[in-house]
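# Per-entry structural report
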Amino acid sequence: METATLWEATSKYKRTYPLLQEHITADVVIIGGGFTGIASSYHLQNKGVHTVVLEQHTVGWGASGRNGGMMNTGYKLSAAETIKRWGVEEAIRLDQYALDCNKAVEEIAKKHQIDCDVRMSGHVGLSKNKKKQQAFENSQELIAKHFGREVKVLTEAELQKEMNSDYYKVGLMDPLSYQFHPLDYVRGLAEVTNDLGGEIYEQTKAIDIQKTGKTFIVITEKGMVEAKELIFATDGYSEKITPELHKGIFPLASFVIATEPFEQRVLENMIPNNRNLYDTINLVNYFRRTPDQRIIFGGSGIGYPAKQAFKDELYMLLTSVFPQLKGVTIDYFWGGVIGATVDKFPVIGRTEQGAYYSVGYTGHGAAQSTLHGKLLSQCILNEERINATFENTSLKTVPLYTNKKFLVSAANLYFRMLDKLG
């Protein structure tokens, strides 16, 4: 059922990397060739640290190349939840870190001339329920008071200026979010990293990991890597690669459709300011314009891979928001898996063997993974961290983790019910 992703079909970067077929050594071996893995390699190579990245498919094959290309400010947690958990001072630092994450992608892309359509777009969080206006106003007040920046509550005519639809009744606009072509970014960064001396191997799955003294040995089907340090950059695709990640990560499926291309005037009529748009329900739906004149619309589904039922549901939601699109052709449909934690907050940690990991972005990995890659490099080099909060957050065990498939399906059904009632 699943077709190629829009990002794959429109990617400008085509460099491929070999299958590992020998015994090699490195300073750091990284499992996972997505945003986190490639960013970690990039930051380490800039410090003269020799890295090897092992990717079981191709660079950016997982969530890094299957998301909506949105780099929204903040976290899955609201401003109020962030302040309640960490206090005002740390919440301020976390908010600035999230802003810095977006800026880092823009700056790296500019520095290395990575052509990935990165731009500041802003976003609008939306609700069909007028009662949500109070919550939006509370967030507006907290962000202005403590974070020193402005977001704006939108109703009626102001909301119509952001999208030509009566489906949503209220919104919260933040002007500092970004858009980009996610696969071009990660592939472009991989080429930069490779040119810096970082070795990248594709179609190379880690099948066993051993620790001998202070050395990690990662065994693949046809090769082996020995390294002083190991980074797991697998997030939602961690599966059972190591007990800590198996216990602590929810693999959540998300699916996306992309329409046929439209004339510019049609898109400008539907989404005039080219923002990132998303529904603030439990199971988030998200949509935006693309550089090649389409609309993409994404949302959650139960299980993976993609199925016709998920495609039909996304089409129904798209045409509910924009009734004028009934009958539109869907050119692309794909799915992917993101990693979430019990606390809905990303964690940087170490396994019992001493390997590092960065996981649980919970929908904000496109933005935050580049600087998390830098944080991982600072951990390995024992440098001062740009933010230590993620290291000081424990990866909690998912309840009933041994039956995650059932748990994720049950949670999905429960939140769907809540969203319909709300």
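Described below are features of the structure shown in this document. Numbering of residues starts from 1 in every chain and runs along the sequence as written. Owing to the predicted nature of the model, reporting of local features is limited to residues with pLDDT of at least 70; listing and counting of side-chain atom pairs is limited to 80 or more, with chain, interface and lining totals taken over all residues. Calculated side-chain values reflect all of the structure's heavy atoms, with hydrogen atoms and water omitted.

### Points about the overall build of the chain
Elements are defined by DSSP. Helices are runs of H or I of four residues or more, strands are runs of E of two residues or more, and each kind is numbered from the N terminus. Of the regular secondary structure elements, the chain holds 12 helices and 19 strands. In this description the radius of gyration comes from C-alpha coordinates, and the expected globular size is given by 2.2 Å times residues to the power 0.38. Its C-alpha atoms give the chain a radius of gyration of 21 Å, near enough to 22 Å, the size a compact globule of 422 residues would have. Overall size of the chain, expressed as C-alpha extent along the three principal axes, is 65 × 45 × 45 Å. Remark: exposure states derive from per-residue accessible area (1.4 Å probe, protein chains only) relative to the maximum for the residue type, with buried under 20%, exposed over 50%, and partly exposed in between. A burial count over the chain gives 55% of its 422 residues as buried. Throughout, a contact is declared for two residues whenever any of their heavy atoms are within 4.5 Å. A separation of at least 24 residues holds for 74% of the contacts in the chain among residues at least 6 apart in sequence.

### What to know about the side chain of H364
Tracing the sequence through the fold places H364 in the loop between β19 (356–359) and α11 (365–380). At 3.3 Å, the side chain of H364 forms a polar contact with the backbone oxygen of G74. Polar contact criterion, stated in full: a pair of N or O atoms within 3.5 Å, where within protein one must be able to donate a hydrogen and the other to accept it, and residues adjacent in sequence count only if both atoms are side-chain atoms. Here Y75 takes part through its backbone oxygen, which lies 3.5 Å from a polar atom of the side chain of H364. Excluding anything up to four places from it in sequence, H364 contacts N72, T73, G74, Y75 and K76.

### Details of the pattern of salt bridges
The salt bridge criterion pairs a side-chain nitrogen of Lys or Arg with a carboxyl oxygen of Asp or Glu, the two atoms within 4 Å. On inspection of all chains with the given rule, the structure shows 19 salt bridges. We note a salt bridge from K12 to D117, for which the minimum N-O separation is 3.5 Å. You can see K12 sitting in the loop between α1 (6–10) and β1 (23–31) and its partner D117 sitting in the loop between α4 (88–111) and β4 (119–120), a full 105 residues away along the chain. Close ionic contact of R93 with E90 constitutes a salt bridge, the shortest N to O distance being 2.8 Å. Of this pair, R93 and E90 both sit in helix α4, 3 residues apart, roughly one helical turn. On the basis of relative accessibility, which here comes to 45%, the residue R93 falls in the partly exposed class. Connected through shared salt-bridge partners, K12, D115, D117 and D184 make up one network.

### A closer look at the environment of T280
Tracing the backbone through its elements, the reader meets T280 in the loop between β14 (276–279) and β15 (286–289). Once the C-alpha coordinates of T280 and L376 are considered, the two residues, 96 residues apart in sequence, prove to be 31 Å apart. At 2.8 Å, the side chain of T280 forms a polar contact with the backbone oxygen of L126. Looking at T280, its side chain comes within polar contact range of the side chain of K132, at 3.0 Å.

The analysis is restricted to geometry; functional conclusions fall outside its scope.
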